[in-house]
Amino acid sequence: MPETVLLTGITGFVGLHCAAECLRNGYAIKGTLRDLSRRDEVFEILEKEVPGSTSAITLCEADLLKDDNWDDIAEGCALAMHIASPFETHPPKNERDLIEPAVEGTLRVLKAAAKAGIRRVVLTSSMVAVWYGHPPRRYAPFTEQDWTNPDGRTVSAYTKSKTLAEINAWDFIKSPEANGMELSVINPGVIFGPNLGSQTSASAEMIIQLMNGTMPGVPRLGYAAVDVRDVAYAHVKALFVPEAADSRFLCAIDHVWWREIAQVLQAHFSRRGYKIPTNVLPDVIPKALAIVRKDVRAVLRDLGAERHIDNAHIRNVLGWEPRILDEMVVAMAESLIAQGHIKTPKKKKAA
């Protein structure tokens, strides 16, 4: 009998890819979702990705904010991936609305896993739990030893939620209540790659705006990037590689500017009629937009910031070899076009 992996947040961008990667590697899946109304969608997507896998998938309704069902769901699972986490495009009025679900939900899953005798949990954290709250001009690359200062002046509610959730997870693993359970943490950068579900991610929304022509240019922003398929690969390897226990992994290629992403899109899609802006907007424009748009206000802290990372640890321990930027960006754009999120350019009328 294949071992069963408890996988939270199976309907999400990362969750669907992790579920598919688990199935390809011979694991059975017990996936959680907040609403079983999306059950058929999940089965359809995973059957397409991994034909014949339906019998290895069980779906359960569960809420990270409630104790209901978690002990029963964890029962019979040998391993777990905790991927589900709240995310808000717009900063919440009260940061506790984002922090408490992230922290409490993580602890709720870990406690249920420990009670069920699960031997290892792979937690999806983020690069935002690594590189905020530090001096603005840092030239040394970030490593797994670096942590975001949750009390830093420019730390957002989302960043604080991811950081505190991971900190609390590590604290729990060291406690007697963990019952010897192991923890491995994956810290992805900004995630690109093919979109499988009906929902879109924050990175997908940026691609959509660039491709649909709703952006006059690109802001002076940049982040460490990664393909969702490489994120899923890292999660599955972290389930069973012995050296992955009690370790975190920076999961991304090095810093890329949004202008580079726009240039990739322009090079691949301009011949199909898409007009992608590659000019860099002066900082004054996003600063002015931030007065009326909360989503823009949230990224002002990153204008001009260039943060480099050292991903040697994940390469050495998990045998991780990431895709290049072109592949991950084009794959995401193609999937969004196929799903109808990106409009087809109007053909010019013949003279």
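Everything numeric in this text was worked out from a predicted model, so none of it was measured.

Rules used in this analysis
- Within every chain, residues take consecutive numbers counted from 1 along the sequence as written.
- Only residues with pLDDT of at least 70 get local features here, since the model is predicted, and only at 80 or more are side-chain atom pairs given and counted; chain-wide, interface and lining totals rely on the full set of residues.
- Excluded from the side-chain calculations are hydrogens and water; all other atoms, namely the structure's heavy atoms, are used.
- By definition, two strands form a pair when at least two bridges between them are found by DSSP.
- Secondary structure counts use DSSP, requiring at least four H or I residues in a row for a helix and at least two E residues in a row for a strand, with both numbered from the N terminus.
- In this analysis, axes come from line fits to C-alpha atoms, helices being fitted only over the stretch in contact, and the angle between any two N-to-C directions falls in the range 0 to 180 degrees.
- By convention in these notes, a salt bridge is any Lys or Arg side-chain nitrogen within 4 Å of a carboxyl oxygen on Asp or Glu.
- Patches here are clusters of residues that have more than 30% relative accessible area and form no salt bridge, with a 9 Å joining cutoff for like charges and a 5 Å cutoff for nonpolar side chains (Val, Leu, Ile, Met, Phe, Trp, Tyr).
- Note that accessible areas follow from Shrake-Rupley with a 1.4 Å probe, and for residues the cover is restricted to the protein chains shown.
- Burial classes follow relative accessibility: with a 1.4 Å probe on protein chains only, a residue under 20% of its type's maximum area counts as buried, one over 50% as exposed, and anything between as partly exposed.
- For a crossover, the right-handed case is the one in which the path from the first strand over the helix to the second runs clockwise, viewed with the strands pointing away from the viewer.

1. Looking at the sheet that holds strand S7 (residues 190-192)
Then, number 1: Strand order in this open sheet of 3 strands is S7-S8-S10, and the pairing throughout is mixed. Taken across any chain shown, the strands that pair with only one partner, and hence form the sheet edges, are S7 and strand S10 (255-257). Shown here is a sheet whose adjacent strand axes are inclined to one another by a mean of 55°, direction ignored.

2. Concerning the pattern of salt bridges
Two side chains that carry opposite charge are able to pair once their charged atoms sit near each other.
Then, number 1: Here the structure, examined in full by the defined rule, presents 17 salt bridges.
Then, number 2: A salt bridge links Glu41 to Arg38; its shortest N-O distance comes to 3.0 Å.
Then, number 3: By sharing partners, the salt bridges in this structure join Glu21, Arg24 and Glu49 into a single network.

3. Looking at a nonpolar patch on the surface
Then, number 1: There is a patch of nonpolar side chains on the surface, built from Val284, Ile285 and Leu289 and spanning about 240 Å² of accessible area.
Then, number 2: With respect to the helices and strands, Val284 occurs in helix H9 (residues 284-289).

4. Some remarks on the pairing of strand S2 (residues 28-33)
Then, number 1: When you tally the buried positions in S2, you get 6 out of 6 residues, the bulk of the element.
Then, number 2: Examined bridge by bridge, strand S1 (residues 4-8) and S2 share 5 bridges and lie parallel to one another. For Thr8, the partnering residue across the bridge sits in S2 and is Thr32.
Then, number 3: Note that the unit made of S1, helix H1 (residues 13-24) and S2 has a crossover that is right-handed.
Then, number 4: As defined by bridge partners, S2 adjoins strand S3 (residues 57-61) across 5 bridges and the pair is classed as parallel. Counted as the bridge partner of Thr32 is Cys60 from S3.
Then, number 5: Taken together, S2, helix H2 (residues 39-49) and S3 constitute a β-α-β crossover, and its handedness is right-handed.

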